[in-house]
Structure formats: C-alpha cells, structure tokens
Amino acid sequence: MASHTSLLDPMSGRLLDRRFLVLFLPYWPTDYLKRRDPALSAPLALYERIKGGLRISALDREAGAEGIKRGQNLADARALVPGLTVMEMTPGLLETGFADFADWHSNASPLVAVMRDAAPFGDLVLDITGVDHLFGGEKAMLGRLLTRLRALGYSVSGAIAPTIGAAWGFAHFAPNQVVDGLALADRLDDLPVAALRLTEKQLATLDQMGLYRIGDVRGRPRQPLQARFGASLLNRIDQAYGHVSERMSPRLPPAEHYTERRFADPISRMEDVLATAAELAVVLCQRLDAAGLGAQSFHLFLYRVDHRVMTFSVNSGRVTRDPGHIAALFSHRAERLAGDYDAGFGIDMIRLAASSLDALLAVQAGAFTEENGTADIDQLNDRMSSRLGTMAVLRMQLLESHLPERAARLVPVQAAGETDGPELPQLTRPLRLLPEPERVLISAEVPDGLPAAMIWRGQRYRLVRAAGPERLGAEWWRRGERLQLVPPPVPRPPAPGEKPAPPPHVPALPLHDADGQTRDYYRVEDETGRRFWLFRLGLYGGPELPVWYLHGLFQ
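Attention in this report is confined to the structure presented alongside it. (Residues numbered from 1 in each chain as written. Predicted model: local features only at pLDDT ≥ 70, side-chain atom pairs only at ≥ 80, totals over all residues. Heavy atoms only, no water.)

## Considering helix 6 (residues 164–173)
Link 1 in the chain: Burial within helix 6 is extensive, with nine of its ten residues counted as buried.
Link 2 in the chain: Those residues of helix 6 that fall on the buried side of the exposure criterion are Ile164, Gly165, Ala166, Ala167, Trp168, Gly169, Phe170, Ala171 and His172.
Link 3 in the chain: Looking at the packing, one finds that the buried side of helix 6 touches strand 3 (20–24), strand 8 (123–127), strand 9 (157–161), strand 10 (177–178), helix 7 (184–189) and helix 11 (231–241).
Link 4 in the chain: In this structure Thr163 caps helix 6, since a side-chain oxygen of it lies 3.1 Å from the backbone nitrogen of Ala166. (Buried < 20%, exposed > 50% of the residue type's maximum accessible area, 1.4 Å probe, protein only. Helix = DSSP H or I, 4+ residues; strand = E, 2+ residues; numbered from the N terminus. Contact = heavy atoms within 4.5 Å. Polar contact = N/O pair within 3.5 Å; in protein donor to acceptor, adjacent residues only side chain to side chain.)

Shown next as structure tokens:
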C-alpha cells in the first residue's frame, strides 16, 4: 500500500492530506468513436475547420505512428498516409460522451471532475481520499482503473499525488506512479515545464530562456517571473506543490452519506434494482441514525458495464430516515420512468446516496405521543409526487397581497415548509376562486345598495341575502407584474440517464393593472342557498359606470 504521509506546506505550515488520481486519455475522441462504431478502421483522424482550412484536431495511436500531427493540414495528412480514415469532429457528441464517461468513474470515487485545462475531454481527476482501501491501496486502485480502461480499448495513463496539479503533471509526463507527500517536491522538480498546464506562449518564452524543468523555474526569484509571465505561472507552481489549494468541481453532487453494492454478475431487471435499493436504504438509514441525521433527497446511481450511469432521484417533504418510505418512493419513481429504463448489458454496481441533510433526533412512539396524521399525509404526498411528478401535487401558499387573485399561489407540496408565507387573514372569503373574474349583470334597489338579482352565464339568480362591501384598492407598486398561479419551474440540465424535460407551460395570465379602479366585494346568497362572492369595479358618480364581476364561490 502506498504511503499516506502528509505533505507539510513550508509556507503555511498546514498539512496536505488529500489524495488525487488523474487519468489521461490522449486518444479519447478516436477511441470513443471506434467503440461506438467498430467498423471504423485505423489509422483514424478527425478534422475541424480552423482559420479557413481543414486541420487535424484529433487522431488515434496508429495515425500518430504514421507521422500525422495535430494541427496538420488535412490534405497533407492524406498525402502522407493514403489509407487514412478521416471524419469531421463533432465536439458536442464528444463532450457529452466524456461527461457520461466521467460519471461512470464515480463508482471508484464519489468525487469526479473533468479537467478542461488542455481540452474539454481527455483528463479526469478523482478525489480518492479515504476510498483507496476498497481496492487494496492506492497502487492497486490505479492499476485496476488503468487495466479496465485498457480492456475497453482506451489508451490511458494515470498518476496519484497529493495535489491536482502534480497528479496531472505526472499522468502526462511521468505516468503510472504513486507519489507521496515527502517525495513530491523532488519528483516535480524533474518534470518539464509543460507539466504546469501553461499556455503555449508561456511555454515558448520559457524555452527561449532555457528553462526546461519545473525546478529551474521554481528556483528563480518570483517577482521577475510574475512581471514577465503574470500571476498564472506562479499560481500553477503553488498549486502543484500544495502551497495554494486547487478546487475541483465534481459533476455529480457529493454525498457525505452513501452506501453501495457491487455485483459479481451484472443484473438488469428493474425488480432486482428496486430490491437492492430497499436493502441499501436500510443500511443508509442506520448510518444516518447513528449520526443523528435525516435527509430530504435520495439518489440512486446505477452503473452499467458499458461505462454509463443512470440516476434516479426522489425527494421527501420532510426530513426522514425511514427505509420503507424511501424504498416506496423509488418504486413509484420507477413506475413513472419504466419506459426510459435501459440496463444496457447489465448493471454491476448500485449506489444509494442522501443529500439535503438535517438533524433528526430519535422519536419514541408510545402512549404519550400524539398522532395527528400529518406524517401520513406527508408520506402520501411524497409517494404521489414521486409517481406523478413534482408539479402534479400542489398546495396553496399565501403571498403578501390583499388582492384575492394575488394572495395565494400553488407550489409543490415538497418545495416549501408549513410556515411559508404570511399568516392567514381573518377574512370571510371563499376557498374557490374562478380562474379570472367573470362579468355579471346586477340589479339593485338603489345604485349604491346591496345586489338584489344577478345574471351569470345566461342564468338569473334572485339574491335574498347580501353583506358588504369590503373595499380593496389597486396595488400601485406591482406595475407590470403578471399573475402567476404556479411559479414557473427553474430549468435544469438533465441528470445522467434522464431525457431532457419539455419546456414548462406558462399560462399567459393578465398583467396587474396598477392603476385599476377600486373594488367593492359583497357576499351574497340566492333563494336556493348558493353563496357567491361579487365585486363592483368602480364607484357610482365616476367618469365610467361601475361593472360587476363574480370572483368566487362559497360552496
């Protein structure tokens, strides 16, 4: 097992106790395309239109051995190798494929990121701190990852070091080694300056100055180097040696609490996946219980043998660690996505992770507990949301407005807590409002008197009781705002294994009239006992005659 000796930073005195593994795939584009289409023959080169000409932008190992170079004119490459297979490069396809490839490596470490310093595809970094023991140590882990990628047909090299910059440099220029903290400085000094991930202009200038090794640059005064190369050169040096931390941006959300199961023989049936998820939920909830935590979001990662990942995520309306409830949510979620489920050639690993964690103390259920049914309602809402979709199960949320159509909106039951919004006003108002107020004809004994009869949708109603008015004025500060009964969902990129969602439907409800007239609301009842909520828009004696509208129904 490799040494885990921490590197002591001589400038800050802090310990560098992280471990990073970088994988370098120099021929990723062509290796990936040849795996997708076995009919493609080597040597293979990809070209792009660069500066008005067709130039080689990627090639395979065989093309490189024939003397083809990146940046070479396509016509010259064909003249050099008559049997060269050429294709136009499709960056979008390659970036998407490499993103899926990166997600698949989260079966080795939950923290995986794509390094885009040299290209949008070709370099992966894994934070393997604390996970190498699952593979028998760092050296065994590196060897296993390299072996399985080479078995898939990829040309790959890798390295492990205490910093991302150092691991990248070793993977590119001194590959297939594990470097501990004590040997880091000496090993880095011997690498070429290109191992610092510098620009071509910076590398050319260092070459002109006769500075070929990182040690040659590190030993020179920093102020002249910064004046000539800018702060980026010194920053790359400090990152590589661990004097400045370098953050990675994991593609999948990191989870502090997760559990997983690997299979000797791949599985494919959804029933087996759900059964495994139920067993993992028990283990995960035991770990959350030991930590005094619960979670609201749970993620099931299905790792296929063809280096792809499918993700199923479910949410709970309240913090929970009930394994039965979690398993039921995934079961309902799977029913909704049954048509999109594709196990490929099989699934060899499943991981269940929890996020949106919060403290959850143990609760004793017994004679002195009060069961009011709210927990059962929350679980029912969770199951319906998981089966039908988040926006299919909504609840009312109060808003700061005295206008009825703006005083509430519908939100997902899982999206907000019970105390969201202002307190419920102590007013006698109907629970059922029409989508938009509908104009009605009203007759009254005197112009300002209570309504006596109403014609609505061609039917006449004789009103026997009425109370009011409740006078409401326009909200001048909401000028230009559009009424929203349901907040538009925030678009998000599809998770691995999910299809892009269709654009949400946003109803074109009317704009708020900040200069609108005063409303006088009345509660009225007809001779059969039906009760209505009416309002008169405008006042008698004004420039325009008042108009009556029906806004809600009490029953």
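## A closer look at the pattern of salt bridges
Link 1 in the chain: For the structure shown, the criterion picks out 30 salt bridges.
Link 2 in the chain: Note that Glu138 and Arg19 form a salt bridge whose closest N and O atoms lie 2.8 Å from each other. Here Arg19 lies in the loop between strand 2 (15–16) and strand 3 and Glu138 lies in helix 5 (residues 138–151), a separation of 119 residues in the sequence. Of the two residues examined, Glu138 and Arg19, each falls in the buried class.
Link 3 in the chain: A salt bridge links Arg218 to Asp189, with the shortest nitrogen-to-oxygen separation between them at 3.0 Å. Here the residue Arg218 occupies a position in helix 9 (residues 214–218), and Asp189 occupies one in helix 7, the gap between them amounting to 29 residues.
Link 4 in the chain: Residue class for Asp189 comes out buried when judged on its relative accessible area of 13%. (Salt bridge = Lys/Arg side-chain N within 4 Å of Asp/Glu carboxyl O.)

## Observations regarding the side chain of His105
Link 1 in the chain: Tracing the sequence through the fold places His105 in the loop between helix 4 (91–104) and strand 7 (112–114).
Link 2 in the chain: When residues no more than four places from it in sequence are discounted, the contact partners of His105 are Leu23, Val112, Leu124, Leu126, Leu145, Arg148 and Leu149.

## Some details on the packing of aromatic side chains
Link 1 in the chain: Under the defined criterion, the tally for this structure stands at 14 aromatic pairs.
Link 2 in the chain: Ring centres of Trp28 and Tyr154 lie 5.5 Å apart, and the angle between their planes is 20 degrees; this geometry places the pair in the stacked category. Of the two residues, Trp28 is situated in helix 1 (residues 28–36) and Tyr154 in the loop between helix 5 and strand 9; the sequence distance between them amounts to 126 residues.
Link 3 in the chain: Given the relative accessible area of 2%, Tyr154 is considered buried.
Link 4 in the chain: Relative to Phe535, the ring of Tyr521 has its centre 4.9 Å away and its plane inclined at 40 degrees; by these criteria the two rings are tilted. One end of the pair, Tyr521, is in strand 20 (residues 519–526); the other, Phe535, is in strand 21 (residues 531–537), and 14 residues separate them in sequence.
Link 5 in the chain: Assessed through its relative accessible area of 1%, Tyr521 is described here as buried.
Link 6 in the chain: A relative accessible area of 3% means that Phe535 is categorised as buried. (Phe/Tyr/Trp six-rings, centres within 6.5 Å; stacked < 30°, edge-to-face > 60°.)

## A closer look at the sheet that holds strand 17 (residues 432–444)
Link 1 in the chain: Overall, antiparallel pairing links the six strands, which are arranged 17-18-19-20-21-22 in a closed barrel. Here the average twist between neighbouring strands, direction ignored, is 45 degrees.
Link 2 in the chain: Of the pairings in the sheet, the one linking strand 17 to strand 18 (residues 451–456) comprises four bridges and is antiparallel in character. By the bridge assignment, Ala444 is partnered in strand 18 with Pro451. (Pairing = 2+ DSSP bridges. Axes fitted to C-alpha atoms, helices over the stretch in contact; angles between N-to-C directions.)

## A closer look at the pairing of strand 4 (residues 44–50)
Link 1 in the chain: Relative to strand 6 (residues 85–88), strand 4 is paired through four bridges, and the arrangement is parallel. Bridge assignment links Leu46 to a residue of strand 6, and that residue is Met87.
Link 2 in the chain: The hairpin formed by strand 4 and strand 5 (residues 53–59) contains two residues between the paired strands, and Lys51 there has a positive phi angle of roughly 55 degrees.

## Some thoughts on helix 12 (residues 270–291)
For the α-helix, the turn length of 3.6 residues means that residues three or four positions removed from each other point alike.
Link 1 in the chain: For helix 12, which comprises 22 residues, the first-to-last C-alpha distance of 31 Å matches the rise-based estimate of 32 Å (1.5 Å per residue) to within 8%.
Link 2 in the chain: Every buried residue of helix 12 is listed here: Met270, Val273, Thr276, Ala277, Leu280, Ala281, Leu284, Cys285 and Leu288.
Link 3 in the chain: One or two positions beyond helix 12, positive phi appears at Gly292, with a value near 70 degrees. (Expected span 1.5 Å × (residues − 1).)

## A closer look at the pairing of strand 9
Successive side chains on a regular strand alternate, one facing one side of the sheet and the next facing the other.
Link 1 in the chain: With respect to burial, strand 9 is a largely interior element, five of its five residues being buried.
Link 2 in the chain: Residues Ser157, Ala159 and Ala161 of strand 9 are buried on one face, and the alternating residues Gly158 and Ile160, pointing to the opposite face, are buried as well.
Link 3 in the chain: Two elements, strand 3 and strand 9, share five bridges in a ladder whose sense is antiparallel. What sits directly across from Leu21, in strand 9, is Ile160.
Link 4 in the chain: As judged from the two bridges shared by strand 9 and strand 10, these two strands associate in the parallel manner. Each residue of the ladder has a partner; that of Ile160, found in strand 10, is Val178.
Link 5 in the chain: Crossover handedness for the path strand 9 to helix 6 to strand 10: left-handed. (Right-handed = clockwise from strand over helix to strand, strands pointing away.)

## So, empty space enclosed by the protein
Link 1 in the chain: Taken as a whole and assessed by the stated rule, the structure comprises five cavities of 30 Å³ or more.
Link 2 in the chain: Of the pockets and cavities examined, the largest cavity occupies roughly 60 Å³.
Link 3 in the chain: Every residue along the wall of the largest cavity is listed here: Ser106, Pro110, Leu252, Pro253, Pro254, Ala255, Phe301, Arg351 and Ala353.
Link 4 in the chain: Considering only residue class, the lining of the largest cavity consists of seven nonpolar, one polar and one charged. (1 Å grid on protein atoms, 1.4 Å probe; cavity = no way out; pocket = protein on both sides within 12 Å on 5 of 7 lines; lining within 4 Å. Points joined across faces, edges and corners; volume = space filled by probe spheres on them. Nonpolar A, V, L, I, M, F, W, Y, C, P; charged D, E, K, R; others polar.)

## Re a nonpolar patch on the surface
Link 1 in the chain: A contiguous nonpolar patch, built from Leu380, Met384 and Leu388 and spanning about 260 Å² of accessible area, is present on the exposed surface.
Link 2 in the chain: Judged by relative accessible area, which is 52%, Leu388 ranks as exposed. (Patch = residues over 30% accessible without salt bridge, like charges linked within 9 Å, V, L, I, M, F, W, Y side chains within 5 Å. Areas by Shrake-Rupley, 256 points an atom, 1.4 Å probe, with all protein chains shown as cover.)

## Considering the sheet that holds strand 6
Link 1 in the chain: In spatial order, the strands read 5-4-6; together these three strands make up an open sheet with mixed pairing. In this open sheet, the two strands that pair with only one neighbour each are strand 5 and strand 6. Taking each pair of neighbouring strands and ignoring which way they run, the sheet shows an average axis angle of 40 degrees.
Link 2 in the chain: In terms of strand pairing, strand 4 meets strand 5 through six bridges, oriented antiparallel. Each residue of the ladder has a partner; that of Ile50, found in strand 5, is Gly53.

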